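One letter stands for each residue in the lines below.
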Amino acid sequence: MRNNREVRLIVRWLLEGSRGGRLRARILLLLKEKPMNPNQLAKTLQVNYRTVTHHLKVLQKHGLVKRLGREGYGAPYVLTRLSEEVWEDIVESAKRILGDLK
């Protein structure tokens, strides 16, 4: 189990310090609003489906999102409890890389 400091550093690296961080931040912000599947995310973000699935895998690997229910195409993703616990850090990182948030 990771401590909160370690998780905050991982969040900061995933969003601010690595390629694709802007898109990962946008994915997390959308999933905060409602569960979405990769196709819905791709359409909303106007990016390729495979790009979204790659970033979801990265976020899932680090425990920030999880897939609900069934495996395969169409399964929605949601934020994990861990994401909720460090949500303020996610928002702060998102603000730094995306600018002011609504």
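Quick summary incoming for the structure in this document. In this text the structure is predicted, and so the values were computed from the model without any measurement.

## Things to note about the packing of aromatic side chains
According to the stated counting rule, one finds zero aromatic pairs in the structure shown. The residue whose ring lies beneath K32 is W87, and the NZ or CZ to ring-centre distance is 5.0 Å.

## A short note on the packing of helix α2 (residues 21–33) against helix α3 (residues 38–45)
At a closest axis distance of 11 Å, the pairing of α2 and α3 adopts a crossing angle of 115°. In terms of their interaxial angle, α2 and α3 are classed as roughly perpendicular. Considering only the axes of α2 and α3, their crossing is right-handed. Contacts from L23, R26, I27, L30 and L31 of α2 reach α3 at L41, T44 and L45. Of the residues that constitute the contact of α2 with α3, the class distribution is six nonpolar, one polar and one charged.

## Points about the nonpolar core
Counting 30 residues, the largest nonpolar core has I27, L28, L31, L41, L56 and V65 as the members making the most contacts within it. When contributions to this core are tallied by element, the ones reaching two or more residues are α1 (4–16), α2, α3, α4 (49–61), β2 (77–79) and α6 (87–98). Element by element, the count of residues in this core is highest for α2, at six residues. Filtering out sequence-adjacent residues up to four positions away, L41 remains in contact with I27, L30, L31, M36, V52 and L56.

## Focus: the side chain of T80
Here T80 is to be found in the loop between β2 and α5 (81–85). Once you skip the residues sitting within four places of it in the chain, T80 turns out to touch G63, L64, V65 and K66.

## Structural notes on the pattern of salt bridges
Inspection of the entire model under this criterion finds four salt bridges. Across the pair E16 and R12 runs a salt bridge whose closest N-O atoms are separated by 3.5 Å. Here R12 and E16 lie together in helix α1, a separation of four residues that amounts to about one turn. The partly exposed category is assigned to E16, whose relative accessible area is 27%. Here K95 and E92 are joined by a salt bridge, their closest N and O atoms 3.9 Å apart. Taken together, the residues span about one helical turn, with K95 and E92 both in helix α6 at a distance of three residues. Of the residues examined, E92 reaches a relative accessible area of 39% and is grouped as partly exposed.

What counts as what
Residues numbered from 1 in each chain as written. Predicted model: local features only at pLDDT ≥ 70, side-chain atom pairs only at ≥ 80, totals over all residues. Heavy atoms only, no water. Phe/Tyr/Trp six-rings, centres within 6.5 Å; stacked < 30°, edge-to-face > 60°. Lys NZ or Arg CZ within 6 Å of the ring centre and 35° of its normal. Axes fitted to C-alpha atoms, helices over the stretch in contact; angles between N-to-C directions. Helix = DSSP H or I, 4+ residues; strand = E, 2+ residues; numbered from the N terminus. Parallel < 35°, antiparallel > 145°, perpendicular 65-115°, else oblique. Left-handed = near helix turned anticlockwise from the far one by under 90°. Contact = heavy atoms within 4.5 Å. Nonpolar A, V, L, I, M, F, W, Y, C, P; charged D, E, K, R; others polar. Core = buried A, V, L, I, M, F, W, Y, C linked by side-chain atoms within 4.5 Å. Buried < 20%, exposed > 50% of the residue type's maximum accessible area, 1.4 Å probe, protein only. Salt bridge = Lys/Arg side-chain N within 4 Å of Asp/Glu carboxyl O.

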